[in-house]
Every structure is written in C-alpha cells, then in structure tokens.
Amino acid sequence: MRASVGLLALFLGSGLWLEAMIGLRAGGWVDDPLRREFLRLGHAHGGLLALVNLALAWAMTKLQTPDGWARRIRVAAWLGALAVGVGFFGGGLWHGAADPGPLVLIVPAGAMMLVASCVAVAMVR
Amino acid sequence: MAGARWPTLVLFGPAVAWLALATAGSAAALLDGDDWGPPARRDATVAGADACRRCHLPQWRSWHDSYHRTMTQPTAAPGFEPAAPFAGERLAALGFVATLSRDGDGRPHVRVVPEAGDDAGGTPLLDARVELAVGSHRVQQYVARLDRGGGEGELWRLPLAWHIGEARWIHLNTAFLAPDGEPGSEADFMRHLSRYNDNCLFCHNTEPNPGLAADGRWHSAVGQWGIACEACHGPAAAHVQRHDAPLRRVWSALGDDGTVVDPQALAPGLATDVCGRCHGQRIGHDIATILAHGDGFRPGEPLANVSRPILRDATVGDDPQPHFRGRFWPDGSARLSAHEYQALLASPCHQDGAGLQCGDCHAMHGPTPAMQLRSDWDPTRSCTRCHDALALSGATAPAGHGGHGDALDCVACHMPRTSYGLLQGMISHRIGSPDPAAAVGLHDRPDACTQCHVDRSRSWAVASLPALGLPAHAPARAEDPRERWGSRILLDLHGGDPIQRALAVDALARPDAPVDPRVRLSWLLDALVDDYAAVRFMAWVGARALAAESGLDAAVTDALAGFDPEAAVQTRLATWQQLRRALGPGPFDDAPERALELEASRDAVAIWIGE
C-alpha cells in the first residue's frame, strides 16, 4: 500500500510538471500535440491506476484474498500501473512523426497485469 | 509448488507473452533492411493525400482547408462545384458572347459565338466542356480538352475566368497587362487561350508530367490534382508502404528514414527551394526532358539541379535577347507575382540560403488559408530576431522609427507593394530598406514612402527622413521636375507604364493611406478610363471602397456600382463623366497640358506575364 501511495504521488506530481510546461510555453510541448496527448495520458492513467492499486489493497483485505495470491496481485497491480504510466510518458517523450515511441509497447503489458489483478481479486477466495 | 505457479501464470503470463511478441515483432521490423535503407527517391511514386490522412490528420485538415488543395480540380470529381454559377450567364467581350452553362450531366460548359451571329446557328469560336477548374482564392480559371494538333490529351485554359471577390465573369485580357484588343478580332479574344499541358500543369499540381510524346501528342498526368502533401514532402508511396505496420511506425522514433522530406527541417536554402518550385518562375535546364517527363525535382534537393530562376537579364537557349526584362524593375526586383522565390534569394536577409526562409513567415499547416501566415507570425518579431530594434532608431519603441513604429509594421515599408498579380498590388518579397534618395529622378520602381504618402514627392521623402531620425543620403540625381506639380503616385497614374499605373491605383485605394479618401477617389477616377482593362478593373474596385469610406451619396456609389470596366469605351466614358461631375475637377483639370504631357510619356508596353 505504501508503494501504491508512492506511485500516486509520483504521477500526481507529474501533473505539476505538465502544468509548468504549459505556463512556460515550453518548446517541444506546446508545439507537439502528440507529445502533449501522451504525457497527459501518462499522468492521468498513472494517477488513476495508483488509486486502483489502493482500491485493490482495500478489497483484498475485505475479501480476505489468500496470501499467496495477494502478494503477487500487489506486485502485478503496482507494476501494471507503473508500466501504463511510464509507457505513455516514454512513448510521448520519444516519438516519431505520427506515432508514439517504442516505450508505448509496455502499456498493453501493464494493462494486462492490472486486468488480471482485478479479475483475481474478484474471483479468488 | 503447483499452487504458487498458478497465480504467477495468471497475473504475469499474458503480459510476458505480449512483451515477447512485441520484442519479436520489433526485432523483425528493425532487422528488415529494405524497410530502413535509403529509398529510391528518383522513381518514387505518389500515394495521394488520403493515404497521408490516416496518420497525419491535423496536417491533412489544414491542407484540406487550403487554397493549395483546390488549385486544380477536375470537374468530374465527386462533389465538385465550380466557383462560378454556370447557370446560363453571358459575357460579351470584343464582339463575342460567351455563354456559361452546364451539360446534361451537370458539368460546366463554355460556348463562345460572334455577338452578331445567331447562337443557335452561328459557328462557335469555342464550344467545350470544362474539364478542370484552376484556382479558388481570387480567380477561378477553366480548362477544356481541345485537340489543336496535340491529340486528345491536349488541354487549354479558356480565355474567361470567374473573379471570386467580385462574383463576376471577366475576360482574361482584363487580368493581363495588355491593351483590350480589337472588337471582332478572334485573335484578340483568344489571346489568353493557353495550353495547360506545358504551362499551368507544372505549378498547379502535384508531381506533374506533361507527357509530350515524340509525335507531338500530349499524355499529361499528375500524381494528384492540385498542390497536395507530396508537392512539398515528396512522393510518399514508399513511406506509406513502410509505415503500414504499427511496429514499424513505433520504431520510426529512431529517426528519419528519408522516405519523405519535412521542409521545416531543411536548411533555409533548401526549404526555400521547395516553395520556389512554384512561387518563382524558372527556366528548366533540359526543357525537352521536362516536357516529356516532368522536371524531376524532389523536395530536399537543390532546385538549381533542374532549373534556374528567371532574372532580369535571363536568356533562353541560344537566343541572346533578354526577353524577361519587362517583368523586372531596373534594379532587378520583380514586377510580377510568382517571382517571390527570386525576390527572396535577392534579399540580404536570405543570406545566400543560410538566413530567412519562407517558413519564417508562412506555415502550410497554420490556421488561416489566406496568405498562410504562421499562427505565431509577428512581422516585427520576424525582423527583430536578427535586427536590434533599438539600433534602428527605436523601431519598435513608442514614437520610434520616426513615429512609423506606432502605425506600421516592418512589412509596410521594407516589403512595399511593388509587384502586380491577379488584379492586385502585391508586396515585394525582396526585403530592403526604403531609400527615397536613390529613387529621386527615376521614373520606375515605386518607393515605399510615396506609395503611402500618395500626395508627396520623392524629394519630400528625402527631406523628411532626418526629422524622423532616419538615415538620409543626398539624392543620387536631380529631381524629376514634374514632381513639383504632381505627386509621385499621380505621375505614375497618368504617365507610368501599365504596372506603374496599376500599382498607383493600388496605392491610392489602400485604406491606410494618410490622405483624405475623397481626394484619393477623385484622383483614382481617371484610371477608370485607362487603356488597360486591368488598371480600370483595379480602379473600379478601389473607387468603390473609397466611396464607401468617404460616405458619398447614392449618385456616386450607384454610378460606380453600375460601371463596367470591361464595357465599350463610350459606355465607360459616359459613366466617368457623370462621376467626374459629381466629384469635382480632377488633379490636372486646371492645367490639362500636364495631363497631356504625362499621357504622352506613357509606356504602352504590353507586359508579358509568363505562364
């Protein structure tokens, strides 16, 4: 749970950075719609998925998820949120003319871990 | 053990499988040498703008809104609508009547017969379906398929056009700087019937190929009608093919593979060459090959590889005569539009290809189609990036630069309107500093000072500079004695050649000229009876604007509205006399010998506007 809150702080903090770039009219940000879109996606997904991590931790306590599953779910969900957020950020920071860069390829992997984590919390008794 | 493996497999298995797949796919994409090696640009083919839309939607949209897209439109294209109504309008000119209508399938049709003849039975001078519409901003011209010895692929630009701003048909003699022509003369009526295949085709389309065969027949083709993405970025079929796979696109972040060119990323000289292909009339190095296969220019390569810009003393082939002098002022500046490229090349700011380029002011993917200026364009800031405004008598400070900084931007004086095109005065793209002293005593290129101060002489401009804190030189020669009784603009209006007269009209009609609009209107009136229809047309448009600005009564505005710059001379004179009575005496009515002297000094040259 501590790591999830840390993740939340990281991605919420990135929002301050994005705001600052708007305020400073930073080159490579205001004039790059693809980068803007993917950094926003990273900020929003990272923050929301960190909250999902906290919700999963709470749900596992309430549902008394077995320890063997719970330990791995915590790791998978945390890594999933991190991969989605970082994948969007990385894909936006380093990208081609019309597509995000290669780091975006870890976004589906992160999403799969998160989906599997949610399904596991719901189904495993 | 099996129980511990199961959660790991469920939670991490799909992600690991995806990463393995993505890694394998990426490796395949990266290791495919054909996908990353330099493309064969010489044989590259056009993919079409719709192929670009899939990945570059914002850029596609801004192009779609542009006049570049509609530069040439086939009338058979789905959804095409011409700018002109083609609803049976009739245009009478030089003893002929053109009827503009539609075929049974709704496509535009032009029929021209002698005015005296019976439309049903007379032999038509022209009777053709319109195949192409050219232009969509100021004027729309029309092209028909006419076999005049060049085969079925021979296309001809018709001598009539639709003026979009005035929503009326004009004869093309009106848009070109030449006398009207003799009534009843087929040759004069058809003077601007111009073959499309080896003229307009080049600059109004993407990847044009005139396709002139050895037997003299035309098999012209274009990559895409109009100016589309690949006119500036180069043929992109290889780019589209390579970037079809998502993983290939993702790894394109590694760098440019050379399949297309981004003009913004080019050195200033090469970026300027991309625009110069169309915005600067040129002479091809190998005209026979160009007529057979196109010029072979690829954006990103020097335009000088395939052509040289037309300059004042340029010659063609073995002919030593400099046929292009009429297009340039004696100082080498262009008098006509479509010479912006050579004008920029001649500007000190361009620094021989290392300095200012078209993209510093213009953006093809900006917000406004007209002029396509950058969204962040600021004429002052464009200049002050290199020039220290404080060192220029405080050019940007309040009351600086002799007070001009408050009222004008840099363009107004450093890029004066000394070019003619499409029935308008246009700014010169040869950037320079106004020096009225150098122009004293000359009777050629208008100068920025008296183009705005239309009631003044060049000597007045020279004398005014020190008081404004601007550098002044001694005049290079004696004053034109006529400037003692007529302003520079009046001398041009009455005694200039057709371009000087047209530019004088343009200067008088400018909304920001610091002279009473009623005075300017009174002066402008005399241009309504000019020998050249282009000058009359510009004067008519300008006079209506000045009359509206002056709040004149309906007698004047109605007479102006009813004036037709293309009407017969007697009709025009009658309206002019009516207007002159309403507006009072003209500038030389008290000394008619001066008007006669100026008219006698007119250069009635016909300006050959190259196509």
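Conventions adopted
- Residues numbered from 1 in each chain as written.
- Chains lettered and ligands numbered in written order.
- Predicted model: local features only at pLDDT ≥ 70, side-chain atom pairs only at ≥ 80, totals over all residues.
- Heavy atoms only, no water.
- Patch = residues over 30% accessible without salt bridge, like charges linked within 9 Å, V, L, I, M, F, W, Y side chains within 5 Å.
- Areas by Shrake-Rupley, 256 points an atom, 1.4 Å probe, with all protein chains shown as cover.
- Salt bridge = Lys/Arg side-chain N within 4 Å of Asp/Glu carboxyl O.
- Helix = DSSP H or I, 4+ residues; strand = E, 2+ residues; numbered from the N terminus.
- Buried < 20%, exposed > 50% of the residue type's maximum accessible area, 1.4 Å probe, protein only.
- Axes fitted to C-alpha atoms, helices over the stretch in contact; angles between N-to-C directions.
- Parallel < 35°, antiparallel > 145°, perpendicular 65-115°, else oblique.
- pLDDT = per-residue confidence, 0-100.
- Domains from an automatic or database assignment.
- Contact = heavy atoms within 4.5 Å.
- Buried area = accessible area lost by both parts, 1.4 Å probe.
- Polar contact = N/O pair within 3.5 Å; in protein donor to acceptor, adjacent residues only side chain to side chain.
- Nonpolar A, V, L, I, M, F, W, Y, C, P; charged D, E, K, R; others polar.
- Pairing = 2+ DSSP bridges.
- Phe/Tyr/Trp six-rings, centres within 6.5 Å; stacked < 30°, edge-to-face > 60°.
- Lys NZ or Arg CZ within 6 Å of the ring centre and 35° of its normal.

Participant: When you look at a nonpolar patch on the surface in this model, what are you seeing that I'm missing?
Facilitator: Taken together, the side chains of A:Trp17, A:Leu93, A:Trp94, B:Leu30, B:Leu31 and B:Leu254 present a nonpolar region at the surface, about 610 Å² in accessible area. Tracing the sequence through the fold places A:Trp94 in the loop between helix H3 (67–93) and helix H4 (106–123). According to the relative accessible area criterion, A:Trp94 is partly exposed, its value standing at 39%.

Participant: Whenever I open this one, the packing of helix H2 (residues 33–63) of chain A against H3(A) confuses me. Can you help?
Facilitator: Helix packing for two helices is described by the angle between their axes and how far apart those axes are. Two numbers describe how H2(A) lies on H3(A): the axes approach to 6 Å, and their chain directions differ by 170 degrees. Between H2(A) and H3(A), the interaxial angle falls into the category roughly antiparallel.

Participant: Sorry, what's going on with the confidence of the model for chain A here?
Facilitator: When pLDDT is low, close inspection of the predicted coordinates is not appropriate. Scored by pLDDT, chain A comes out at a mean of 92, with 100% of its residues at no less than 70. Across chain A, H4(A) holds the top mean pLDDT of 96, while helix H1 (residues 2–23) of chain A sits lowest at 88.

Participant: I would appreciate a short explanation of the domain arrangement of chain B in the present structure.
Facilitator: In many analyses, interface size is given as the accessible surface area lost on bringing the parts together. Residue and element names in this part refer to chain B. Structurally, chain B comprises domain 1 (69–209), domain 2 (263–377) and domain 3 (415–611). With centres defined by C-alpha atoms, the gap from domain 2 to domain 3 works out at 29 Å. At the interface, 23 residues of domain 2 touch 20 residues of domain 3. When domain 2 packs against domain 3, close to 1,700 Å² is buried across both sides, 57% of that on carbon and sulfur atoms. When the buried surface of domain 2 facing domain 3 is broken down by residue, Trp-329, Arg-335 and Leu-336 rank first, second and third, together holding 34% of it. In this assembly, domain 2 and domain 3 are joined by two salt bridges. Across the pair Asp-331 and Arg-445 runs a salt bridge whose closest N-O atoms are separated by 3.3 Å. Along the contact surface separating domain 2 from domain 3 lie twelve residue pairs in polar contact (both at pLDDT 80 or more). Residues of the side of domain 2 that touches domain 3, tallied by class, amount to eleven nonpolar, eight polar and four charged.

Participant: How do you make sense of the pairing of strand E5 (residues 126–134) of chain B when you look at a structure like this?
Facilitator: Walk down a regular strand and you will see the side chains alternate between the two sheet faces. Residue and element names in this part refer to chain B. Most of E5 is tucked away, with seven of its nine residues classed as buried. Inspection of the sheet shows strand E1 (residues 72–74) paired to E5 by three bridges, in the antiparallel sense. When the sheet's bridge partners are listed, Gln-73 is paired in E5 with Ala-133. Pairing between strand E4 (residues 108–114) and E5: four bridges, direction antiparallel. Directly across from Val-112, in E5, lies its bridge partner Leu-126.

Participant: What's the story with the packing of aromatic side chains in this structure? I'm lost.
Facilitator: Two aromatic rings are characterised by how far apart their centres lie and by the angle between their planes. Residue and element names in this part refer to chain B. A complete count under the given rule lists eleven aromatic pairs over all chains for this structure. Among the aromatic side chains, those forming a connected cluster through ring pairs are Phe-86, Tyr-142, Trp-162 and Trp-169. Directly above the aromatic system of Trp-60 lies the positively charged group of Arg-53, at a separation of 4.2 Å from the ring centroid. The ring of Trp-156 is capped by Arg-148, whose NZ or CZ atom sits 4.6 Å from the centre of that ring.

Participant: What exactly am I supposed to notice about the interface of chain B and chain A here?
Facilitator: Facing the 22 residues of chain B at the interface are 25 residues of chain A. Inspection of the chain B/chain A interface yields one salt bridge. Across the pair A:Asp99 and B:Arg249 runs a salt bridge, and its minimum N-O distance is 3.1 Å. Taken together, the links from chain B to chain A amount to four residue pairs in polar contact (both at pLDDT 80 or more). Put simply, the parts of the chain that give the side of chain B that touches chain A at least two residues each are helix H1 (2–31) and helix H9 (246–250) of chain B. For the side of chain B that touches chain A, the leading source of residues is H1(B), giving 13 residues. Grouping the constituent residues of the side of chain B that touches chain A by class yields 17 nonpolar, four polar and one charged.

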